[in-house]
Amino acid sequence: MKRIFTFLSILVLAALACSLPSVVVPASPTESAAPPAAAVKPVETQPTEAAAQPEVQNEAGAAVLYFTIGVHIEPMGETAQGYKSGGKGDYHNPQFFQRQVEDILKVAQIVEAHGGRMTIQAQSPFTSVAIQSGSTILADLAARGHEIALHFHEDAHLGKNSSALSVQQWCDVMKQEIALITQASGVTEVRYWSGGNLYPNVYEAAECAGLSVNSDWKNPQMQTTDLALVGVNPWRPAGGTDGTDFTLFTQHDPNGAIIFLPEGQYDKNNFASMRRSQDAGGDEAYFDYLAQSLYASLEAAQPGKVNVFHFTIHPGEFRGSPQAPFAVIENFLTEVVDPLVASGQVQWMTLSGMAEAYAASER
Ligand SMILES: [Zn+2]
């Protein structure tokens, strides 16, 4: 594995050092609809950003790829709205809650040791149990520079018939979930969410709830992502999708309220769920695929544009052996990400930080 990474790194570096013409990436519907790249202006740094001053291109004038890991905290156990999903664990069980807290903190420590910060996406009952039990996990992570955001499973907060509900009903319940995050973390501004993917009006509801950044679109029934949504350049979708029609979603609306961050240059429509399938070939093979996709994203990245790549983990996922917990994540950061950060090609950035950089590039 290491040898392949080294080889690919050398290829990428050689291509850049020789100023070879960059690889032409077929224009996606998104890109063709996007306005010409605006002049690059300095990007404001959020106080929560621990990373250095973000730059759209590095000193050599080459493209920069913003990178992070997102954490989805699932609605395990009865939610604040009284719905129960049939998962294995239950955050109302103190041992289970604590185990997941320790897993999140362990991964956060690994990421921090590599200079990174994550976007932790929470919902009830994790948030409500944290409040009731006095757990400071979300406040601690926020204080250490991680972004605290919303992961919204619509059926866990709105019931089975969520698609039939109004924008106002969605907005009200999203606000409830955001209020719990605020109370549990002390973070006053929650901007990013994932979830609600099959509700065509999800962007109106999210805007009403004060949210402005979205990503991680996958069909919750099929566990697949339409390849029209992959790529490295964010855009402002003209509307949502029902899971079949992506016309509005892939269309850039300069006045759109929501910035959508694609996950990167992935080439399989099940990239968001393949880690759980047998054909992924296990954790190592999955991280090999992530490395390939990261290198493909670097090739697709353009100087002067905001380019992004990220992937998602869940608490406890990829734990591996007790002797070396989360070694597959540690190895990926050491062998793949660190050299690219050192060379200036990759820069750690929370998801809202990426959106901020994109908004600045529009001005
Ligand atoms: Zn989820």
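Residues numbered from 1 in each chain as written. Predicted model: local features only at pLDDT ≥ 70, side-chain atom pairs only at ≥ 80, totals over all residues.

### What about the overall build of the protein?
Counting its secondary structure elements, the protein contains 11 helices and eight strands. Expressed as a percentage of its 363 residues, the buried residues of the protein come to 44%. Across the protein, every contact between residues at least 6 apart in sequence was considered, and the portion connecting residues at least 24 apart equals 78%. (Helix = DSSP H or I, 4+ residues; strand = E, 2+ residues; numbered from the N terminus. Buried ≥ 20, exposed ≤ 12 C-beta atoms within 10 Å, placed from the backbone. Contact = placed C-beta atoms within 7 Å.)

### Quick notes on the nonpolar core
If you look at the biggest cluster of nonpolar residues, it comprises 83 residues, and the most contacted ones within it are L65, Y66, I148, I181, A206 and M354. If we ignore the near neighbours within four places in the chain, the residues touching A206 are M174, W193, L211, N214 and I258. Membership of the second largest hydrophobic core comes to five residues, among which are W217, L229, Y266 and F271. (Core = buried A, V, L, I, M, F, W, Y, C linked by C-beta atoms within 7 Å.)

### Side note on the confidence of the model for the protein
On average, the protein scores 86 in pLDDT, and the residues at 70 or more come to 82%. When the criterion is pLDDT under 50, residues 1–53 qualifies, and its contacts beyond four places in sequence or with other chains add up to 61 contacts. (pLDDT = per-residue confidence, 0-100.)

### Structural notes on the pairing of strand β3 (residues 147–152)
With six of six residues buried, β3 lies mostly within the body of the structure. The side-chain alternation of β3 yields two buried faces, one formed by E147, A149 and H151 and the other by I148, L150 and F152. Pairing of strand β2 (residues 119–122) with β3, which is carried by four bridges, proceeds in the parallel orientation. Residue pairing in the sheet places I120 in a bridge with I148 of β3. By the bridge criterion, three bridges tie β3 to strand β4 (residues 192–195) in an arrangement that is parallel. Across the sheet, residue F152 finds its bridge partner in β4, namely G195. (Pairing = 2+ DSSP bridges.)

### Digging into helix α10 (residues 327–342)
Taking 1.5 Å per residue, 16 residues should reach 22 Å; α10 reaches 21 Å between its end C-alpha atoms and fits that length. Residue T334 marks the point of greatest curvature in α10, where the axis turns by about 35 degrees. Along α10, the residues that are buried comprise I329, F332, V336, V337 and L340. Looking one or two places after α10, you find G344, whose phi comes out positive at around 85 degrees. (Expected span 1.5 Å × (residues − 1). Bend = angle between axes of the 7 residues up to and from the residue.)

### Some points on unusual backbone geometry
Following S124, the chain continues to P125 via a peptide bond in cis, the omega torsion being 10 degrees. Looking at the secondary structure, you find P125 in the loop between β2 and α4 (126–133). Even without being a glycine, F318 presents a positive backbone phi close to 65 degrees. Inspection of the secondary structure assignment puts F318 in the loop between β7 (307–313) and α10. In this structure F318 comes out as buried when scored by C-beta crowding, with 20 C-beta atoms within 10 Å. Although it is not a glycine, F326 sits at a positive phi angle of roughly 60 degrees. When you line up the elements, F326 lands in the loop between β7 and α10.

### A few points about the packing of helix α9 (residues 283–300) against α10
One can describe the packing of α9 onto α10 by two numbers: an axis separation of 10 Å at closest approach and a directional angle of 30 degrees. Judged on the interaxial angle alone, α10 and α9 are roughly parallel. In this structure, α9 crosses over α10, and the sense of that crossing is right-handed. From α9, D283, E284, F287, L290, A291 and L294 reach across to α10, where they touch V328, F332 and V336. (Axes fitted to C-alpha atoms, helices over the stretch in contact; angles between N-to-C directions. Parallel < 35°, antiparallel > 145°, perpendicular 65-115°, else oblique. Left-handed = near helix turned anticlockwise from the far one by under 90°.)

### Here's the deal with the packing of α4 against helix α7 (residues 167–185)
Their axes nearest at 9 Å, the elements α4 and α7 cross at an angle of 35 degrees. Along this stretch, α4 crosses α7, giving a crossing that reads as left-handed. Contacts from T127, S128, A130 and I131 in α4 reach L180, I181, Q183 and A184 in α7. For the contact of α4 with α7, the class distribution of residues is five nonpolar, three polar and no charged. (Nonpolar A, V, L, I, M, F, W, Y, C, P; charged D, E, K, R; others polar.)

### Considering the environment of R144
Along the chain, R144 falls in the loop between α5 (137–143) and β3. Each C-alpha atom of the pair R144 and E112 lies 8.6 Å from the other, and the pair is 32 residues apart in sequence. Once residues lying within four places of it in the same chain are set aside, the contact partners of R144 are A108 and E112.

### Section: the environment of H92
With respect to the helices and strands, the residue H92 is situated in the loop between β1 (65–72) and α3 (94–113). Given 15 C-beta atoms within a 10 Å radius, H92 is considered partly exposed. In contact with H92, not counting residues within four places along its chain, are G77, E78, P125 and V129.

### Some points on α7
The end-to-end C-alpha distance of α7 is 26 Å, a good match for the 27 Å that 19 residues give at a rise of 1.5 Å each. Of all the residues in α7, the buried ones are W170, V173, M174, E177, I178, L180, I181, A184 and S185. Seen along its axis, α7 keeps its buried residues to an arc of 155 degrees; they face one direction. At its buried positions, α7 is contacted by β2, α4, α5, β3, α6 (154–158) and α8 (202–208). Once α7 finishes, G186 follows within two positions and takes phi at roughly 80 degrees, a positive value. (Arc of directions from axis to C-beta.)

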